[in-house]
Each structure stands twice: as C-alpha cells, then as structure tokens.
Amino acid sequence: MKRTLAGGFELDDDPQRVDIDAIHEYLSRHAYWAKGRSRERQIELHLAAVRVVGVYVGERQLGYARAISDGVSLAYLADLFVLPEMQGRGLGAEIVREMVERGPLASCRWMLHTEDAHGLYRRFGFGDPLRPVMERPATRRSG
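Below: a short report on this structure. Note that the coordinates shown come from a computational prediction; the quantities given were computed from them, not determined experimentally. (Residues numbered from 1 in each chain as written. Predicted model: local features only at pLDDT ≥ 70, side-chain atom pairs only at ≥ 80, totals over all residues. Heavy atoms only, no water.)

**What about the sheet that holds strand β3 (residues 51-57)?**
Working step 1: Strand order in this open sheet of six strands is β1-β2-β3-β4-β5-β6, and the pairing throughout is mixed. The open sheet has two edge strands, β1 (2-4) and β6 (109-111), and neither has a second partner. The mean inter-strand angle of the sheet, taken between neighbouring strand axes irrespective of direction, is 20°.
Working step 2: Bridge count for β1 against strand β2 (residues 10-12) is three bridges, and the pairing is antiparallel. The residue of β2 that forms the bridge with T4 is E10.
Working step 3: Each of β4 (60-69) and β5 (74-82) touches helix α1 (residues 20-30); the most contacted strand, β5, lies at about 85° to it. (Pairing = 2+ DSSP bridges. Helix = DSSP H or I, 4+ residues; strand = E, 2+ residues; numbered from the N terminus. Axes fitted to C-alpha atoms, helices over the stretch in contact; angles between N-to-C directions. Contact = heavy atoms within 4.5 Å.)

So, in structure tokens, the structure goes:
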C-alpha cells in the first residue's frame, strides 16, 4: 500500500522503505516508552512486526508505527510517533487510520499502552484506559 496525502506526504507500509536509523534516533531519545532502546533491539522489533506504516516526505521518515498480531483476532499498536515539527498536520491520525481501519488487520481487536494522545485513539474506537489488565513485566531489559 502506498497512499499520497495532502501536503505532499506519503503513507507507505513497505518495511523495506523504513529508515531504521531515523526511527531508532527518535524513539531511543524522545519516546518515554523507548528511551535507551538499542538499535539492535529496534531492528528486532521492526523485523518481528506483522505490519509497519511510515509517513514520508520524499524519502525522509516523518513518522512510524508497527503492529504485532496473531493475525486472526488480536493486534497491538506500538511505537507510533510523528516528529515534533510535523505534528498537528493529521499525520498521526493517518498512520492510525491505515493501521487499524485498513489492511490485513482491520477486523482484529486492537490494543495499545499509552500515557498520552488518548483523544487521537478514541477517534478510532479505542476506549478509555482500563486497569483490569494483568501484565507480566519483561524479565530482561527490553530496550
């Protein structure tokens, strides 16, 4: 899938197009959930993704998200970001729309963990955060 957006931006789900260095740079330095993540770990996570969606201007990576899934009933949205200087243009919403409403995982139940942007996710059917969730923390540093 490749889709042109207003303003000359392009959405693409080609995992080969991703600029892993740009993604690692942003996530490991600025994303509260991935600070300190190693480049090697980011590569592993990218390669394990069922689907990735990036937003670009030319070949410059402006945003990204990845999904993990069982491919049948459950999908998890992870590592969504848009560079700060590109925020406020609807690019994050386009990434979420493409990831959760279109493509091979559109019929899945979607989950994510986030401390922010709840209003964005509500627009795509995510409910308010609930805490009756059981989690087992990683046993080794996941960064």
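From this point on, the discussion continues.
**Overview of the pairing of β5**
Working step 1: Taken across its nine residues, β5 has seven buried, putting it largely inside the fold.
Working step 2: The pairing of β4 with β5 spans six bridges and is classified as antiparallel. Pairing of A67 across the sheet is with L77, part of β5.
Working step 3: Connecting β4 to the antiparallel partner β5 that follows it, the hairpin turn spans four residues, and G71 within it adopts a positive phi of roughly 80°.
Working step 4: The pairing of β5 with β6 spans three bridges and is parallel. Residue pairing in the sheet places L74 in a bridge with R109 of β6. (Buried < 20%, exposed > 50% of the residue type's maximum accessible area, 1.4 Å probe, protein only.)

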